[in-house]
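Secondary and tertiary structure notes
These are the residues of each chain, in order.
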Amino acid sequence: MKKITLLVTTICVTALTYVSCSSNDEIANQTDTTAVGASITIDAANEMDLNTGLSVTNTSGTSKPAGPVCATITVSGTTYPKVFTLDYGTAGCVDNQLTRKGKLKLTLSGPVTTTGSKLTIERIDYSINGIKLEGTIEYTNTTTVATVPQFTRKVTNGKFTDLLGRVYTNSGSYTVKQTAGVDTPFVLEDNVYEMIEGTHTVTTEKGTTLTLTVQEALIKKYSCLYISKGKLKIEGGFLKGVIDYGNNDCDSKFTYTHESGATYNLQM
């Protein structure tokens, strides 16, 4: 998997860097821009934990994950529901150059490939490189056509504390279809997902709320940390425009185009 050290150095420290802008009137305030950075990074962290959950539970009942996980893994139950506990320890351990501390509790109601099954991910005193993450991710299989797996991803009671101590609460739900890797269910690296609809909200400790809604299907490759293609409509505070994730490259670049037409080249 591509190195993901960008998550360490850029999560909401400087938030977003402007490369170009047309006038001071079109520059959003710092609260708004840090909330955008927080929102995108929260999505990246959610995807990372979801990928970890899928990797660990995609093992036909064994405790050996499909991908590299430095945590100590225990499994409770020989029949469903099964509970997987990933303990990264109080000192933490390193996965893909990221230090994780605390625990992830994964509850799987049934085989993740079965319609109706739910994978619930709870964060317990959990952090990534000192950035505290709280809340629950619910991943539910809603497939109706066997050849096109479909899921909903719902975040509840989300809370994100960045390296500067700023706190962001978040919630939202996405509908996701798997468009590649269906024929290799025990190999995750070739999976590609499309987030076809959904809305995500982020609220800062100062009360500013941003709402991000899928405008054009978001492409998420399992092998990429960030979304690589698609568009999000964003509204809140001084911000009203569209985030564009680009041309499907595995990179951290994206653009924000304000309703006035001003475009900002940004990087997570």
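Throughout what follows, the structure given in this document is the object of discussion. Keep in mind it's a predicted model, so treat the numbers as computed, not measured. (Residues numbered from 1 in each chain as written. Predicted model: local features only at pLDDT ≥ 70, side-chain atom pairs only at ≥ 80, totals over all residues. Heavy atoms only, no water.)

Taken as a whole and judged by the stated rule, the model has two disulfides. Note on cysteine connectivity: Cys 70 is disulfide-linked to Cys 93, with sulfurs 2.0 Å apart. Because the sign of the S-S torsion sets the handedness, a value of about 75 degrees for the bond joining Cys 70 and Cys 93 places this disulfide among the right-handed ones. One end of the pair, Cys 70, is in the loop between helix 2 (30-57) and strand 1 (72-76); the other, Cys 93, is in strand 2 (residues 82-95), and 23 residues separate them in sequence. Here Cys 224 pairs with Cys 250 through a disulfide, and the sulfurs are 1.5 Å apart. A residue pair is termed long-range when its members are at least 10 positions apart, and Cys 224 in the loop between strand 9 (209-221) and strand 10 (229-236) and Cys 250 in the loop between strand 11 (239-247) and strand 12 (253-258) qualify at 26 residues. Under the relative-accessibility criterion, Cys 250 is labelled partly exposed at 30%. Sequence-ordered numbering of the bonded cysteines in the chain yields a pairing of 1-2, 3-4. (Disulfide = S-S within 2.5 Å. Helix = DSSP H or I, 4+ residues; strand = E, 2+ residues; numbered from the N terminus. Buried < 20%, exposed > 50% of the residue type's maximum accessible area, 1.4 Å probe, protein only.)

Under the defined criterion, the tally for this structure stands at five salt bridges. Put simply, Arg 123 and Asp 49 hold a salt bridge, and the shortest N to O gap is 2.8 Å. Residue Arg 123 is located in strand 4 (residues 118-128), and its partner Asp 49 is located in helix 2; the two are separated by 74 residues in the primary sequence. For Asp 49, a relative accessible area of 0% puts it in the buried group. Between Arg 166 and Asp 162 there is a salt bridge, with the nearest N and O atoms lying 2.7 Å from each other. A residue is classified by how much of its surface remains accessible, and Asp 162, at 3% relative accessible area, is buried. If you follow the salt bridges from partner to partner, you end up with Asp 43, Glu 47 and Arg 153 in one network. (Salt bridge = Lys/Arg side-chain N within 4 Å of Asp/Glu carboxyl O.)

Right, let's talk about the pairing of strand 9 for a bit. The pairing of strand 8 (residues 192-204) with strand 9 spans nine bridges and is antiparallel. In the sheet register, Val 192 faces strand 9, and the bridge partner there is Lys 221. Between strand 8 and strand 9, which follow one another and run antiparallel, lie four residues, and Gly 207 among them has a positive phi close to 100 degrees. Inspection of the sheet shows strand 9 paired to strand 10 by six bridges, in the antiparallel sense. Within strand 10, the position partnered with Glu 216 by the bridge is Lys 231. (Pairing = 2+ DSSP bridges.)

With that settled, consider the nonpolar core. Of all hydrophobic cores here, the largest spans 59 residues; its most connected members are Leu 86 and Ile 243. A per-element tally of this core places helix 2 first, with eleven residues. Ignoring anything within four residues of it in the chain, the contact list for Leu 86 reads Thr 52, Val 56, Val 69, Ala 71, Thr 72, Ile 73, Gly 102, Lys 103, Leu 104 and Leu 106. (Core = buried A, V, L, I, M, F, W, Y, C linked by side-chain atoms within 4.5 Å. Contact = heavy atoms within 4.5 Å.)

The next subject is the environment of Asp 87. Looking at where Asp 87 falls in the secondary structure, it is placed in strand 2. For Asp 87, a relative accessible area of 31% corresponds to the partly exposed category. Expressed as a C-alpha distance, the spacing of Asp 87 and Lys 105, which sit 18 residues apart in the sequence, is 8.6 Å. Setting aside chain neighbours within four positions, we find Asp 87 in contact with Ala 71, Thr 72, Gly 102 and Lys 103. At 2.8 Å, the side chain of Asp 87 forms a polar contact with the backbone nitrogen of Gly 89. (Polar contact = N/O pair within 3.5 Å; in protein donor to acceptor, adjacent residues only side chain to side chain.)

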